[in-house]
Amino acid sequence: MHKFWVMQKCASANFRNWAVSPKIWIITGVTAVFSIWNLSGVLEYSADTGIRVTPWVFPYFFSMPVMYLVYGFLTIVLFSEAPFRNPLSDFMEIRTGKRMWIAGQCLFVVEAAFLYALVCFLITVICLLPRIYVTGQWGKLIQEMVYGGDTGPSGIYFSAQVFEQYSALEAVFYSLLFLWLVSAFLGMLILASHVVIGKNAGDIVAGFFAFLSYYSMYVGSMTFGNGIFRVSPVNWINIGTLLGSKFDMPDKYYAFSFLVIGIMIFSIIGIRGYERKPM
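One structure accompanies this document, and this report is about it. Throughout this description, residue numbers start from 1 for each chain and increase along the sequence as written. Totals for whole chains, interfaces and linings use every residue, but because this is a predicted model, local features are given only for residues with pLDDT of at least 70 and side-chain atom pairs only at 80 or more, for both listing and counting. Side-chain figures throughout are based on the complete set of non-hydrogen atoms in the structure, without hydrogens or water.

1. Structural notes on the overall build of the protein chain
Here is step 1: Secondary structure elements are defined from DSSP: runs of H or I of at least 4 residues count as helices, runs of E of at least 2 residues count as strands, and each element is numbered from the N terminus. When helices and strands are counted, the protein chain shows ten helices and zero strands.
Here is step 2: Listing every helix and strand of the protein chain by position from the N terminus yields α-α-α-α-α-α-α-α-α-α.
Here is step 3: Taking 279 residues into account, the globule formula puts the C-alpha radius of gyration at 19 Å, and the protein chain, at 20 Å, falls close to it.
Here is step 4: Seen through its C-alpha atoms, the protein chain measures out along the principal axes to roughly 65 × 40 × 30 Å. With the radius of gyration taken over C-alpha atoms, the globule rule is written as 2.2 Å times the number of residues to the power 0.38.

Printed below as a string of structure tokens:
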């Protein structure tokens, strides 16, 4: 327990820098802009039909392929400096030791990824406030969007598979879970690559996965079939790609195992690689 609190102190030092970090505000602003853009069609449809919308649009938020690239770019920016150093880093590293300090950086990646996912969800809810009403069900408007509604060119795609396979609260839970895990996976990949290979290596590798997610939606799936989604974790932020073997797609159990094991492996690589580096 003492070791965890030492790691948490190292992680907390990074969070304190967020309030004055321009990139955090830029990421939040860009996310808000794309939320407004994505959800404008839903709000217009709600206003035209007089049907209010429930807060559970988030499971469909990343349904447009371009959002994989937007998400990938923002996530790379968020974790591009991992492991994160600040004026206090040298002092904290000397006080806690190299192992505890780098372990704290790994803990920070996991916690930052969770906050990142939570903020994305909250922004979508805030954007819907003018037409929102709260219920535990999907609601009539989302049902209409799934079965024939049109959100227009600035809208999002409402998957019937997601609507039929999950309840509204289940879909939001799994969407938050996989957005968190994919973000943590990319963050830990960036951290480990920066430690072992060098500066910008992690950004390049994470950028490849972001590009692969977009590629797989078009040329990739036509060339390799739906099996390509099994090696493209960025696609899993949209639970509409976790449909299982019936559609020759990965399911949520496969994705969860892949991401958790990947996070653990990259954290071990990052910690051991950093320990071997000279002070």
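Text resumes after the structure shown.
2. What to know about the side chain of T54
Here is step 1: Checked against the element boundaries, T54 lands in the loop between α2 (22–49) and α3 (66–79).
Here is step 2: For the purposes of these results, a polar contact is taken to be a pair of N or O atoms within 3.5 Å, where, inside protein, one atom must be able to donate a hydrogen and its partner to accept one; residues adjacent in sequence count only when each atom of the pair is a side-chain atom. At 2.6 Å, the side chain of T54 and the backbone oxygen of W138 are in polar contact.
Here is step 3: Any two residues whose heavy atoms approach within 4.5 Å at even a single point are treated as in contact. The contacts of T54, once residues within four sequence positions are left out, are L128, I132, Y133, T135, Q137, W138, G139 and I142.

3. Quick word on the environment of I197
Here is step 1: Among the structural elements, I197 can be located in the loop between α8 (168–196) and α9 (201–224).
Here is step 2: It is 9.5 Å that separates the C-alpha atoms of I197 and G273, two residues lying 76 residues apart in sequence.

4. What about α3?
Here is step 1: For a helix, the expected span equals 1.5 Å multiplied by the number of residues minus one. Between the first and last C-alpha of α3 there are 20 Å, a value that for 14 residues agrees with the 20 Å anticipated at 1.5 Å per step.
Here is step 2: Between buried and exposed lies partly exposed: a residue is buried under 20% and exposed over 50% of the maximum accessible area for its type, with that area taken using a 1.4 Å probe on protein chains only. Where burial is concerned, most of α3 is hidden: ten out of the 14 residues are buried.
Here is step 3: For α3, the complete set of buried residues consists of M67, Y68, V70, Y71, G72, L74, T75, I76, L78 and F79.

5. Brief notes about the environment of C106
Here is step 1: Within the element layout of this structure, C106 appears in helix α5 (residues 98–128).
Here is step 2: Classification of C106 by relative accessible area gives buried; the value is 6%.
Here is step 3: For C106 and F266, which are 160 residues apart along the polypeptide, the C-alpha to C-alpha distance reads 9.3 Å.
Here is step 4: The contact partners of C106, leaving out residues within four places of it in the chain, are M188, L191, S267 and I271.

6. Overview of the state of the cysteines
Here is step 1: Any two cysteine sulfur atoms within 2.5 Å of one another count as a disulfide. Counting across every chain of the model gives zero disulfides.
Here is step 2: Between C127, a free cysteine, and C120, which holds the nearest cysteine sulfur, the sulfur-to-sulfur gap is 11 Å.
Here is step 3: Its relative accessible area of 15% is what places C127 among the buried residues.

7. Focus: a nonpolar patch on the surface
Here is step 1: Taken together, the side chains of W37, V66, L69, Y214, Y218 and V219 define a hydrophobic patch exposed on the protein surface, amounting to about 480 Å² of accessible area.
Here is step 2: The set of elements that each furnish at least two residues to the nonpolar patch consists of α3 and α9.
Here is step 3: Among the elements that line the nonpolar patch, the one with the most residues is α9, at three residues. The patches described consist of residues with a relative accessible area above 30% and no salt bridge, like charges being joined within 9 Å and nonpolar side chains (Val, Leu, Ile, Met, Phe, Trp, Tyr) within 5 Å. Accessible areas in this description were obtained via Shrake-Rupley with a 1.4 Å probe; residue shielding takes into account the shown protein chains only. Here, a salt bridge means any side-chain nitrogen of Lys or Arg that lies within 4 Å of a carboxyl oxygen of Asp or Glu.

8. With respect to empty space enclosed by the protein
Here is step 1: Using only the protein atoms, space was sampled on a 1 Å grid; points where a 1.4 Å probe fits but cannot get out form cavities, open sets with protein on both sides within 12 Å along at least five of seven lines form pockets, and lining residues are those with an atom within 4 Å of a point. Grid points are joined across faces, edges and corners, and a volume is the space filled by probe spheres set on the points. Inspection of the entire model under this criterion finds one cavity of 30 Å³ or more.
Here is step 2: Quantified by volume, the largest cavity comes out at close to 60 Å³.
Here is step 3: V30, T31, F34, F61, F62, M67, V70, Y71, L74, Y116 and C120 are the residues that line the largest cavity.
Here is step 4: Counting only elements with at least two residues in the lining of the largest cavity, the list comes to α2, α3 and α5.

9. Thoughts on unusual backbone geometry
Peptide bonds are trans in most cases, and residues, glycine excluded, mostly fall at negative phi.
Here is step 1: Positive phi, normally seen in glycine, also occurs at N200, with a value near 75 degrees.
Here is step 2: In this structure, N200 sits in the loop between α8 and α9.

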